[in-house]
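Next come the chains, spelled out residue by residue.
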Amino acid sequence: MFRDRVDAGRQLATLLGQYRDAPDALVLALPRGGVPVGAQVARALNLPLDIMVVRKLGLPGHEEYAAGAIAAGGVRVTGEPWADLTLVFEREQRELARRERAYRGGRAPCELGGKTVILVDDGLATGLSMRAAIIAARSLGAAKVVAAVPVGEATACQALAQPAKASEFAGRSDLERMGSRADEVVCMHMPDPFHAVGAWYGVFDPPSDDEVRDTLASWSRP
């Protein structure tokens with residue numbers, strides 16, 4: 001168990017030492033919970049830090065269950081293709097845009113073209129949010145994508161090394177679908193039974209929007 005997200009980030013960084021001081025690498029944290037984790041990874045590796053805003057699409061009537069996810073550039077991944085997520089999608093698309101504006105404070109996002117992108121979250125349950133982030137990073141030109149979490153459900157972690165299922169990736173070409181996999185998946189702990197991400201943290205209070213904004217605003221890029 002991790003004490004908190006800071007502790008988790010410090011431990012996760014020990015598995016990513018090969019990227020320390022890499023001139024073509026950067027860390028993209030998934031807000032909000034992934035930001036304190038990603039900040040510790042970026043600090044330990046002396047890499048730039050930015051965010052990849054992703055929003056879960058909760059199943060109507062069971063919002064805690066992730067039926068899909070969206071990310072920048074219109075990326076949409078559907079875990080339950082039979083579910084009507086139209087209204088959820090519209091609402092979460094607005095929230096994604098709001099968070100992009102609120103967190104960045106007018107700063108332009110880091111350029112991803114030709115870079116190694118390390119995507120960091122505080123944990124992995126279904127893997128849909130991380131899958132959306134991978135696709136978004138690819139669409140923005142990332143040359144290599146690493147998905148890194150302190151703890152995750154084993155099947156979901158392993159699935160990220162494979163292309164998305166056709167049902168998750170409707171309307172896109174097979175070539176795009178092949179690009180939906182991570183080049184490397186670093187999942188520090190894969191407990192069985194898994195239960196939930198928060199079960200493996202002593203403190204799991206969600207960071208506030210202000211904390212995310214302050215972390216990014218105060219970050220000194222190497």
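Here, every reference points to the structure presented above.
The structure presented is a predicted model; accordingly, all values stated were derived computationally and were not measured.

1. Side note on the pattern of salt bridges
Thought 1: Tallying each qualifying case throughout the model produces 14 salt bridges.
Thought 2: When the shortest N-O distance is used, the salt bridge between Arg32 and Asp209 registers 3.5 Å. Of this pair, Arg32 sits in the loop between strand 1 (25-29) and helix 2 (34-45) while Asp209 sits in helix 7 (residues 209-217), and the two are 177 residues apart along the sequence.
Thought 3: As a salt-bridge pair, Glu92 and Arg55 come within 2.7 Å of each other at their nearest N and O atoms. Highlighted residues: Glu92 in helix 3 (residues 86-104) and Arg55 in strand 3 (residues 54-59), separated in sequence by 37 residues. The residues Glu92 and Arg55 share a single accessibility class, namely buried.
Thought 4: If you follow the salt bridges from partner to partner, you end up with Arg32, Glu95, Arg98, Arg99 and Asp209 in one network.

2. Thoughts on the packing of aromatic side chains
Thought 1: Tallied over the entire structure, the rule returns 2 aromatic pairs.
Thought 2: On the basis of an interplanar angle of 40° and a centroid distance of 5.0 Å, the ring pair of Tyr201 and Phe204 is categorised as tilted.
Thought 3: Of the residues examined, Tyr201 reaches a relative accessible area of 4% and is grouped as buried.
Thought 4: Site record: aromatic cluster; members linked through ring pairs are Phe2, Tyr201 and Phe204.
Thought 5: Its end group placed over the ring of Phe204, Arg5 keeps NZ or CZ at 4.2 Å from the ring centre.

The rules we used
Counting from 1, residues in each chain are numbered in the order their sequence is written. It should be noted that, the model being predicted, local features are given only for residues of pLDDT at least 70 and side-chain atom pairs only at 80 or more, the latter also being counted only at that level, while totals for whole chains, interfaces and linings use all residues. Computation of side-chain values covers all heavy atoms of the structure but excludes hydrogens and water. Think of a salt bridge as a Lys or Arg side-chain nitrogen and an Asp or Glu carboxyl oxygen that are within 4 Å of each other. Labels follow the DSSP assignment, with helices taken as runs of H or I lasting at least four residues and strands as runs of E lasting at least two, numbered in each case from the N terminus. Relative accessible area decides the class of each residue, using a 1.4 Å probe on protein chains only: under 20% of the type maximum gives buried, over 50% gives exposed, and in between gives partly exposed. Two rings from Phe, Tyr or Trp (for Trp, the six-membered ring) form a pair when their centres are within 6.5 Å of each other. A pair whose planes differ by under 30 degrees is stacked, one over 60 is edge-to-face, and the rest are tilted. Here, a charge over a ring means that NZ of Lys or CZ of Arg falls within 6 Å of the ring centre while also lying within 35 degrees of the ring normal.

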